[in-house]
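Each chain, letter by letter, is given below.
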Number of protein chains: 2
Amino acid sequence: MSDKFDCLKIENQLCFPLYACSKEIIKRYKPFLDEIDLTYTQYIAMLILWEEKKTTVKELGTRLYLDSGTLTPLLKKLEAKGFIERKRSDKDERNLIVKLTNKGEELKEQAVQIPDKMSCCVKLGKDEARQLYSLLYRVLGLLSE
Amino acid sequence: MSDKFDCLKIENQLCFPLYACSKEIIKRYKPFLDEIDLTYTQYIAMLILWEEKKTTVKELGTRLYLDSGTLTPLLKKLEAKGFIERKRSDKDERNLIVKLTNKGEELKEQAVQIPDKMSCCVKLGKDEARQLYSLLYRVLGLLSE
DNA sequence: TACAATTATATTGTACACAATTTAATTTTA
DNA sequence: TAAAATTAAATTGTGTACAATATAATTGTA
């Protein structure tokens, strides 16, 4: 009943539900993020900035698993929308400082409702969510070893 | 110690490790997929075709959670590489039939080594992998309700 | 201290990903 | 059965992703 190609069946691959789940969840964010004029990637960049107020492209890249090829144009868009400022560090001109503006800070007040709206969307139990959360971070840990 | 903005901390968001994990795992596939001249998305499309031999864009989209805007150019590339054929259905000319070629069938022999190589890369225990797998499919199920 | 190596960001090119729209074929229905 | 609705792909436009390369600043070292 089983052959050497079973491993290639899509239902035997862990990567696929991961990929699909990630995309489908992000899709559910769209209507909420549209209201505050952010894409998903812009949103997670803002999450870091709402915590840190000020950071660098390098630091953002490390935290978000993104490189400058993705971040440079994205941050220019956030700057054009007035949510952040970009300027080179005086100490070390290689570093680009990314800083929240007042408008960016104010956006936090609207964004604060999003996690609640989303958890209504994904009706996973508290325990299951916690379990999923720790498994995912465990994989991320294993990958960065 | 906690305030109303805690929910916006990136470590309190389930979506983020999902997004990051998905991307990081896909990155690990790249060296293996490069050897057989496939991208990750092309690979999962081939997974379906290796199972079904023949399908439609619609069916592929349903199985892979992708739309024609992604699939049309992707399938044209797979056709250009000689792995598949694309032709309209005689029964219903709206449907585009996607069919594995001999070359596409032969590629399966090389691809069969990939899942093993990948599981070496991600050293998650059998139980944990199973747990993660079922949680992810549970979320996908909840999302499609 | 010149110069080689490293580091941080930006740029270029390719490939998704998806919303919105268009086109063409088929089905439903008035 | 002709027009309306639906369906399946394709197209268009915007926004990531990321590898590879380039550029400029800083650091390490012979």
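Anyway, here's the lowdown on the structure attached to this text.

Rules and cut-offs
- Residues numbered from 1 in each chain as written.
- Chains lettered and ligands numbered in written order.
- Predicted model: local features only at pLDDT ≥ 70, side-chain atom pairs only at ≥ 80, totals over all residues.
- Heavy atoms only, no water.
- Phe/Tyr/Trp six-rings, centres within 6.5 Å; stacked < 30°, edge-to-face > 60°.
- Helix = DSSP H or I, 4+ residues; strand = E, 2+ residues; numbered from the N terminus.
- Buried < 20%, exposed > 50% of the residue type's maximum accessible area, 1.4 Å probe, protein only.
- Lys NZ or Arg CZ within 6 Å of the ring centre and 35° of its normal.
- Pairing = 2+ DSSP bridges.
- Axes fitted to C-alpha atoms, helices over the stretch in contact; angles between N-to-C directions.
- Contact = heavy atoms within 4.5 Å.
- Near = heavy atom within 4 Å.
- Polar contact = N/O pair within 3.5 Å; in protein donor to acceptor, adjacent residues only side chain to side chain.
- Nonpolar A, V, L, I, M, F, W, Y, C, P; charged D, E, K, R; others polar.

1. Description of the packing of aromatic side chains
Thought 1: Counting across every chain of the model gives 14 aromatic pairs over all chains.
Thought 2: Ring centres of Y19 of chain A and Y40 of chain B lie 5.4 Å apart, and the angle between their planes is 70°; this geometry places the pair in the edge-to-face category. Taken as a pair, Y19 of chain A in helix 1 (residues 15-35) and Y40 of chain B in helix 2 (residues 40-52) lie in two separate chains rather than in one.
Thought 3: Given the relative accessible area of 6%, Y40 of chain B is considered buried.
Thought 4: For the ring pair Y29 of chain B and Y43 of chain B, a centre distance of 5.7 Å and an interplane angle of 45° mean the geometry is tilted. Of this pair, Y29 of chain B sits in helix 1 (residues 15-35) while Y43 of chain B sits in helix 2, placing them 14 residues apart in sequence. Take Y29 of chain B and Y43 of chain B: they sit in the same class, and that class is buried.
Thought 5: Among the aromatic residues, those joined into a cluster by ring pairs are F16 and Y19 of chain A together with Y29, Y40, Y43 and Y65 of chain B.
Thought 6: The ring of F5 of chain B carries K108 of chain A above its face, with NZ or CZ at 4.3 Å from the centroid.

2. Comments concerning the sheet that holds strand 3 (residues 96-100) of chain B
All names here are of chain B.
Thought 1: Pairing in this open sheet of three strands is antiparallel, and the strands run 1-3-2 from one edge to the other. Two strands close off the open sheet at either side, each with one partner strand: strand 1 (54-56) and strand 2 (84-88). Across the sheet, the mean angle from the axis of one strand to that of its neighbour is 25°, orientation sign disregarded.
Thought 2: Strand direction decides the pairing type here: strand 1 and strand 3, joined by three bridges, are antiparallel. Within strand 3, the position partnered with T55 by the bridge is V98.
Thought 3: Sheet strands in contact with helix 2 are strand 1, strand 2 and strand 3, and its direction is about 80° off that of strand 3.

3. Brief notes about the protein's contact with DNA strand C
Thought 1: With respect to spatial proximity, 30 residues lie near DNA strand C, and among them Y19, K58, S68 and T72 of chain A together with T39 of chain B are the closest.
Thought 2: Looking at DNA strand C alone, sugar and phosphate atoms form 81% of those within 4 Å of the protein.
Thought 3: In this structure, a phosphate oxygen belonging to DNA strand C sits 2.6 Å away from a side-chain N or O atom of T72 of chain A.
Thought 4: Broken down by secondary-structure element, the contributors of at least two residues to the surface near DNA strand C are helix 1, helix 3 (57-64), helix 4 (68-80) and strand 2 (84-88) of chain A together with helix 2 and helix 4 (68-80) of chain B.
Thought 5: Counted by class, the surface near DNA strand C contains six nonpolar, 10 polar and 14 charged residues.

Scope: geometric values only; no functional claims are made or implied.
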